[in-house]
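Here is what each chain is made of, one letter per residue.
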Amino acid sequence: MEWIGLITAATFRAPGRALERDLASGSLQAAIEELARARGLPPPRLPNPPLAELQAAYTRLFVANPEGLPAPPYAGYALDGRLMGGAEEALERFYAEHGLVTQKGWDDLPDHLAALGEAIALLGESDPKAARTLARGYLAPWLERYAEVVAREDPTGFYGTICTFLKKALEAEHEARS
């Protein structure tokens, strides 16, 4: 679960120098390859567009789009169809029950995919069952609803590749545990 959380956290925060470094160093690709190996999946090769293109795609897909936002990056949208609904409240309670708090400076909702990814990664080693609960209960529904949309709407191919791969990895994880 840690890899799923780390990949989600790294790619669903607004792209900046950290993502640029992860791509240049190959560390994000290595994490994807490790997760693929662990789940028996072929590892996708990540496109590596310039940072400005990633920023434009991120904004268009997840932040603001005059044609309507293709994929709001909040688990609550997949579960409730809106922000600050029952799913977001349940997730806040889950975080509190597991001793998770948002970092100072975090200015988004707790069901944002970057926050969810960090929670999955943090719990992955110390409480794998809780990490799986977050991944299955919040990340998987978002990917079910939006992975194909992101793949279709992403002009860089980067976010579409990540979403498609994470969806397959979670499906493989679920099948392995069934």
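As recorded in an unreviewed UniProt entry, the chain goes by Molecular chaperone TorD and comes from Oceanithermus profundus.

K.L.:
What is the right way to read the environment of Pro43 from this model?
P.N.:
Tracing the backbone through its elements, the reader meets Pro43 in the loop between α3 (27-39) and α4 (51-63). A sequence separation of 24 residues divides Pro43 from Leu19, and the C-alpha atoms of the two residues are 19 Å apart. Leaving out residues up to four positions away in the same chain, Pro43 has contacts with Glu33 and Ala36.

K.L.:
What is the right way to look at the nonpolar core in this model?
P.N.:
The tendency in soluble globular proteins is for nonpolar side chains to be buried side by side. In terms of nonpolar packing, the biggest core is built from 51 residues, with Leu116, Leu134, Trp142 and Tyr159 touching the most fellow members. The element best represented in this core is helix α8 (residues 128-153), accounting for 11 residues.

K.L.:
Where do I start with the packing of aromatic side chains in this structure?
P.N.:
To describe a pair of aromatic rings, one takes the distance between the centres and the angle between the planes. Using the criterion set out here, one finds eight aromatic pairs in the structure. On the basis of an interplanar angle of 70 degrees and a centroid distance of 5.5 Å, the ring pair of Phe12 and Phe62 is categorised as edge-to-face. Residue Phe12 is found in the loop between α1 (2-11) and α2 (17-25), and its partner Phe62 is found in helix α4; the two are separated by 50 residues along the sequence. Phe12 sits in the buried class, given a relative accessible area of 0%. Exposure remark for Phe62: the relative accessible area of 3% places this residue in the buried category. An aromatic cluster of at least three residues, connected via ring pairs, comprises Phe12, Tyr58, Phe62, Trp142, Tyr146, Phe158 and Tyr159.

K.L.:
Would you explain the environment of Pro44 in this entry?
P.N.:
Looking at the secondary structure, you find Pro44 in the loop between α3 and α4. Note: C-alpha distance between Pro44 and Pro128 (84 residues apart in sequence) is 25 Å. Sequence-distant contacts of Pro44, that is, excluding residues within four places in its chain, are made with Gln29, Ile32, Thr161 and Phe165.

K.L.:
Sorry, what's going on with the side chain of Glu173 here?
P.N.:
One can find Glu173 in helix α9 (residues 158-177). A relative accessible area of 6% places Glu173 in the buried class. When sequence neighbours within four positions are dropped, the list of residues in contact with Glu173 reads Met1, Arg39, Arg132 and Arg136.

K.L.:
What exactly am I supposed to notice about α3 here?
P.N.:
Along an α-helix, a turn takes 3.6 residues, which lines up residues three or four apart on a common side. With 13 residues, α3 should reach 18 Å at 1.5 Å per residue; the first-to-last C-alpha distance of 18 Å fits that figure. Looking at α3, one finds that the buried residues are Leu28, Gln29, Ala31, Ile32, Leu35 and Ala36. Angularly, the buried residues of α3 cover 160 degrees about the axis, an arc narrow enough to put them on a single face. For α3, exposure combined with an orientation more than 90 degrees from the buried face picks out Arg37 and Ala38. Tucked into the core, α3 has its buried residues touching α1, α2 and α9. After α3 finishes, the residue Gly40 shows a positive phi value of roughly 70 degrees.

Calculation rules
Residues numbered from 1 in each chain as written. Predicted model: local features only at pLDDT ≥ 70, side-chain atom pairs only at ≥ 80, totals over all residues. Heavy atoms only, no water. Helix = DSSP H or I, 4+ residues; strand = E, 2+ residues; numbered from the N terminus. Contact = heavy atoms within 4.5 Å. Core = buried A, V, L, I, M, F, W, Y, C linked by side-chain atoms within 4.5 Å. Buried < 20%, exposed > 50% of the residue type's maximum accessible area, 1.4 Å probe, protein only. Phe/Tyr/Trp six-rings, centres within 6.5 Å; stacked < 30°, edge-to-face > 60°. Expected span 1.5 Å × (residues − 1). Arc of directions from axis to C-beta.

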